[in-house]
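A structural walkthrough
One-letter residues, chain by chain:
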Amino acid sequence: MTSIPLKINYTGFIHESKCNNSDTCKCTKEDKHNIFKQKLCSYINTLYPNKFNFTNKRQKHKLEDLLEDILYIAETGIPYRKLRSKINFNSLYYHISFFIIKNTFKHFYGYFLYEYFKTNKAEKLKYQSIDSSFIVNKGANKEQVKRNVYMKGKNCLKLSIIVETNGIPISIVIETGNVHDSKIFTKNINELIYDTKS
């Protein structure tokens with residue numbers, strides 16, 4: 001599993017769902033983070049109502065604490081072993097793997113986009129941009145990365161993203177570093193998280 005820091009600003013989502021007006025919003029960065037975490041927590045509890053209700057004695061940590069550390073890892077890209085937390089890094093890795101296998105984060109992001117586009121949809125989708133970037137990865141499985149001549153023959157991944165007018169991603173694709181942008185573009189269109197035609 002490849003770990004990539006998620007430098008995605010979810011401020012726009014928070015304004016739409018909580019403040020309704022980004023110009024007069026007085027929410028701090030911590031407020032927005034907490035709102036985002038609460039929404040994610042509620043969504044996960046809806047998907048798995050019996051997993052985090054502590055009827056299972058093996059469940060040691062609250063979902064809110066797990067998500068706090070998971071979001072920190074996603075935002076900073078810090079290695080699991082270097083995280084200063086009361087939760088063991090093996091436990092965090094297990095839960096992150098569980099959510100990824102179940103596509104929990106992807107489905108939650110799709111739900112958030114649906115809420116985000118309830119207002120001013122036409123204006124938000126008026127302009128859409130796409131760009132790709134190389135991510136050098138020396139330690140990944142050779143089947144997951146490939147060499148690229150433009151990166152001095154280094155093993156790398158290619159990250160391609162389509163964003164809407166405000167820079168919110170609506171399609172995210174990760175491919176091996178030797179795949180041409182034209183092929184990734186087709187995959188980007190086919191894997192839109194939000195159906196822009198609906």
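So, here's what we can say about the structure. (Residues numbered from 1 in each chain as written. Predicted model: local features only at pLDDT ≥ 70, side-chain atom pairs only at ≥ 80, totals over all residues. Heavy atoms only, no water.)

1. Brief notes about the overall build of the protein
Check the secondary structure of the protein and you find 7 helices and 4 strands. Listing every helix and strand of the protein by position from the N terminus yields α-α-α-α-α-α-β-β-β-β-α. The buried share of the protein, reckoned over its 198 residues, is 35%. For the protein, the exposed surface amounts to about 13000 Å²; the carbon and sulfur share of it is 50%. (Helix = DSSP H or I, 4+ residues; strand = E, 2+ residues; numbered from the N terminus. Buried < 20%, exposed > 50% of the residue type's maximum accessible area, 1.4 Å probe, protein only. Areas by Shrake-Rupley, 256 points an atom, 1.4 Å probe, with all protein chains shown as cover.)

2. Considerations on the pairing of strand 4 (residues 169–176)
Sheet analysis places strand 3 (residues 154–163) next to strand 4, joined by 7 bridges and oriented antiparallel. Bridging across to strand 4, Ile162 finds its partner in Ser171. Linking strand 3 to strand 4, which pair antiparallel, is a turn of 5 residues; within it Gly167 sits at a positive phi near 85°. (Pairing = 2+ DSSP bridges.)

3. Some remarks on the packing of helix 2 (residues 29–47) against helix 5 (residues 104–116)
Helix 5 packs onto helix 2 with a crossing angle of 115° between their chain directions and a minimal axis gap of 11 Å. Crossing of helix 2 over helix 5 shows right-handed handedness. Between helix 2 and helix 5, the contacting residues are Phe36, Lys39, Leu40, Tyr43, Ile44 and Leu47 on the first element and Thr104, Phe105, His107, Phe108, Tyr111 and Phe112 on the second. Of the residues assigned to the contact of helix 2 with helix 5, the class counts are 9 nonpolar, 2 polar and 1 charged. (Axes fitted to C-alpha atoms, helices over the stretch in contact; angles between N-to-C directions. Left-handed = near helix turned anticlockwise from the far one by under 90°. Contact = heavy atoms within 4.5 Å. Nonpolar A, V, L, I, M, F, W, Y, C, P; charged D, E, K, R; others polar.)

4. Details of the packing of aromatic side chains
For the coordinates displayed, the defined rule picks out 12 aromatic pairs. Relative to Phe99, the ring of Phe98 has its centre 5.6 Å away and its plane inclined at 65°; by these criteria the two rings are edge-to-face. Accessibility expressed as a relative area gives 16% for Phe98, which makes it buried. An angle of 10° between the planes, with centres 6.5 Å apart, marks the rings of Tyr111 and Phe112 as stacked. Feature note: the residues Phe36, Tyr43, Phe108, Tyr111 and Phe112 constitute an aromatic cluster, connected by ring pairs. (Phe/Tyr/Trp six-rings, centres within 6.5 Å; stacked < 30°, edge-to-face > 60°.)

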